[in-house]
Amino acid sequence: MFFHLMLTTECNLKCKYCFGEVVEDFEEDFGDLDIDYLLPKTTNYDYKSLKRFCNKDQNCTLTFYGGEPLLRIEDIKTIMDLVNVKCFMIQTNGLFLDKLESNYVNRFHTILVSIDGNETLTNQYRGETTYKKIIDNLKLIKKNNFQGELIARMTVMEKTDIFTQVKWLLKNEDFNFSSVHWQLNAGFWGTDYERRDFEKWSQKSYIPGIKKLVKYWVDHMISDNEVLKIYPFLGIANSLLLGEEKSFLRCGGGWINYTIQTDGNIIPCPTMWGMKKYYLGTIKDSNPLNLEKIRIELSPCIECDIFGLCGGRCLYANITKRWEKKAYEQVCKNTRALIEAIKREIPSIKRIIDTKKISLHDFEFMKFNGCEIIP
Ligand code: SF4
Ligand code: SF4
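Being a predicted model, the structure only gives us computed values, none of them experimental.

### Thoughts on the packing of aromatic side chains
Reasoning step 1: Within this structure, the stated rule accounts for 20 aromatic pairs.
Reasoning step 2: Ring geometry for Phe64 against Phe88: centres 5.6 Å apart, planes inclined by 5°, an arrangement best described as stacked. One end of the pair, Phe64, is in strand β2 (residues 61–65); the other, Phe88, is in strand β3 (residues 87–92), and 24 residues separate them in sequence. Each member of the pair Phe64 and Phe88 is classed as buried.
Reasoning step 3: Cluster of aromatic residues (ring-pair linked, three or more members): Tyr193, Phe198, Trp201, Tyr206 and Trp323.
Reasoning step 4: For Arg295, the ring lying beneath its charged end belongs to Phe248, and the centroid distance is 3.7 Å.

Next comes the structure, spelled out in structure tokens:
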């Protein structure tokens, strides 16, 4: 099982799509969802109980998460010294990666770093000078021999040209990422849709950009004998090549990937912190292997012809329905365009595999590592 471990609810950045929206969204209510707004800001349980909890699952994977987990460096070190897991990962904004000693950093199987693309775009979304600090820290951990997977984790919205920015993250003069994933900022807040230009951007920029990027991805297989780790493409192509078209939520949220809150309660996904209705147990008295599994059983997903590949995109968005039906339809159109663009290339990909330039193994990846696959 995979667990996001929320070490703190605090963050050292004020990103536009997160802090900015929290401020706007503060008065919104979540209908009949009773929210615990008084969660402790930092963990308030004994890490020995976390150790006992993880000991019950020999494949337990812990991903440090926040807020910003590197605000709690001493907790990270204590947990890494105490708890036995299959692997540790971290999802971070990267600004304090230089503050954690390399003997800990180098034990991470995967580091997911929030970065949105080039310097201008990243700083626009995340704040001035953010980009340079992230890049300097990534260069430092590489110099200090970090060998694990480093994933650029983009948040994508109207200022993003997806084709240009993903390509840029893969190859540029500052730092080349071997893996890229993105999540659309869509359906997470209650008041943003009206203020934004999501539909127009999706149709004029995002969908055409995705089509171009898929083409680039396949061309690269031919020219460089390499399957670039562009996670949304990798995950969908993997399913199509293996004929696995009956997926549960592809992020794993609520069935294989859970989150441990700062108070030790277990919830399906970090975004669902405080939703008492979805408290599925606690680290003190639950067995990680017997946690309740939450499925998406709501319209429109259950009637959708691509449910098997999409998996329902996001449990939180499905449950909270923060965007009206009409608005959310554009998110689904984006998903459909993505899936269709990859489907169209499957015959070509199979031919490239036949030439032995690449192999089916090149489409393998660690599932549920924090990349949701469906953006
Ligand atoms: S495309 Fe939309 S409706 Fe269809 S399964 Fe995905 S989220 Fe649900
Ligand atoms: S896709 Fe939704 S449910 Fe899954 S991890 Fe992301 S926010 Fe949570």
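### Examining a negative patch on the surface
Reasoning step 1: Taken together, the side chains of Asp224, Glu226, Asp362 and Glu364 define an acidic patch exposed on the protein surface.
Reasoning step 2: Summarising the element assignment, Glu364 is placed in the segment after α12 (325–354).

### Things to note about the site of ligand 2
Reasoning step 1: Lining the immediate environment of ligand 2, one finds Gln183, Cys251, Cys269, Thr271, Arg313, Cys314, Leu315, Tyr316 and Glu372.
Reasoning step 2: Of the residues that constitute the shell around ligand 2, the class distribution is five nonpolar, two polar and two charged.

### Concerning the packing of helix α8 (residues 198–224) against α12
Reasoning step 1: Here α8 crosses α12 at 15°, and the two axes come no closer than 10 Å. Taken together, the axis directions place α8 and α12 in an arrangement best described as roughly parallel. As for the relative orientation of α8 and α12, their crossing is right-handed in sense.
Reasoning step 2: Taken together, the residues of the contact of α8 with α12 sort by class into 16 nonpolar, five polar and seven charged.

### Observations concerning the pattern of salt bridges
Reasoning step 1: Taken as a whole and judged by the stated rule, the model has 15 salt bridges.
Reasoning step 2: In this structure, Arg153 engages Glu372 in a salt bridge whose closest nitrogen and oxygen atoms are separated by 2.5 Å. Here Glu372 lies in the segment after α12 and Arg153 lies in strand β5 (residues 149–156), a separation of 219 residues in the sequence. Neither residue differs from the other here; Arg153 and Glu372 are each classed as buried.
Reasoning step 3: Two residues, Arg196 and Glu158, come together in a salt bridge whose shortest N-O distance is 2.9 Å. A residue pair is termed long-range when its members are at least 10 positions apart, and Arg196 in the loop between β6 (179–184) and α8 and Glu158 in the loop between β5 and α7 (162–170) qualify at 38 residues.
Reasoning step 4: Relative accessible area serves as the criterion here: at 14%, Arg196 is assigned to the buried category.
Reasoning step 5: Connected through salt bridges with shared partners, the residues Glu74, Lys77 and Glu101 form a single ionic network.

### Things to note about the state of the cysteines
Reasoning step 1: Per the counting criterion, the structure on display carries zero disulfides.
Reasoning step 2: With no disulfide of its own, Cys54 has Cys60 as its nearest cysteine by sulfur position, at a separation of 3.2 Å.
Reasoning step 3: Lacking any disulfide linkage, Cys87 is separated from the closest cysteine sulfur, that of Cys60, by 9.3 Å.

### Some thoughts on unusual backbone geometry
Reasoning step 1: Of note, the amide linkage connecting Gly66 to Gly67 takes the cis form, showing an omega dihedral of 15°.
Reasoning step 2: The topology assignment puts Gly67 in the loop between β2 and α3 (73–82).
Reasoning step 3: Residue Pro300 follows Ser299 across a cis peptide bond; omega there is 0°.
Reasoning step 4: As for its placement among the helices and strands, Pro300 is situated in the loop between β10 (281–282) and α10 (307–310).
Reasoning step 5: Of note, Arg313 is a non-glycine position whose phi angle comes to about 60°, a positive value.
Reasoning step 6: Turning to its location among the elements, Arg313 is positioned in the loop between α10 and α11 (315–320).
Reasoning step 7: Positive phi is not limited to glycine here, since Lys356 has a value of about 70°.

Rules used throughout
- Numbering of residues starts from 1 in each chain and follows the order in which that chain's sequence is written.
- Just so you know, chain letters begin at A and ligand numbers begin at 1, following the order they were written in.
- pLDDT decides what is reported in this predicted model: residues at 70 or higher carry local features, side-chain atom pairs at 80 or more are listed and counted, and totals for whole chains, interfaces and linings draw on all residues regardless.
- Note that the side-chain values use all heavy atoms of the structure and ignore hydrogens as well as water.
- Stacked, tilted and edge-to-face are the three classes applied to pairs of Phe, Tyr and Trp rings, where Trp contributes its six-membered ring and a pair requires centres within 6.5 Å; stacked means planes under 30 degrees apart, edge-to-face means over 60, and tilted covers the rest.
- Comment: elements are numbered from the N terminus, with helices defined as DSSP H or I runs of at least four residues and strands as E runs of at least two.
- Exposed residues in this analysis have more than 50% of their type's maximum accessible area, buried residues have under 20%, and partly exposed residues fall in between, with area computed by a 1.4 Å probe over protein chains only.
- Lysine and arginine charges are scored as sitting over a ring when NZ or CZ, respectively, is within 6 Å of the ring centre and within 35 degrees of the ring normal.
- Nonpolar side chains (Val, Leu, Ile, Met, Phe, Trp, Tyr) within 5 Å and like charges within 9 Å form the patches, drawn only from residues with over 30% relative accessible area and no salt bridge.
- Each accessible area is a Shrake-Rupley result for a 1.4 Å probe, and residues are judged covered by the shown protein chains and nothing else.
- Salt bridge, as used here: a side-chain nitrogen of Lys or Arg that lies within 4 Å of a carboxyl oxygen of Asp or Glu.
- Residues scored as charged are limited to Lys and Arg (positive) and Asp and Glu (negative), so that His and the chain ends carry no count.
- All charge positions are set by atom: Lys at NZ, Arg at CZ, Asp at CG, Glu at CD.
- Throughout this document, a residue counts as near a molecule or strand when at least one of its heavy atoms sits within 4 Å of that molecule or strand.
- Any residue outside Ala, Val, Leu, Ile, Met, Phe, Trp, Tyr, Cys, Pro, Asp, Glu, Lys and Arg is labelled polar, Gly included; the first ten of those are nonpolar and the last four are charged.
- Between N-to-C directions, angles span 0 to 180 degrees; the directions come from axes that are lines fitted to C-alpha atoms, helices contributing only their stretch in contact.
- Here the word oblique covers every angle except those under 35 degrees (roughly parallel), over 145 (roughly antiparallel) and from 65 to 115 (roughly perpendicular).
- Each crossing gets its hand from how the near helix is turned against the far one by less than a right angle, where anticlockwise is left-handed and clockwise is right-handed.
- A pair of cysteine sulfur atoms is labelled a disulfide when the two atoms are within 2.5 Å.

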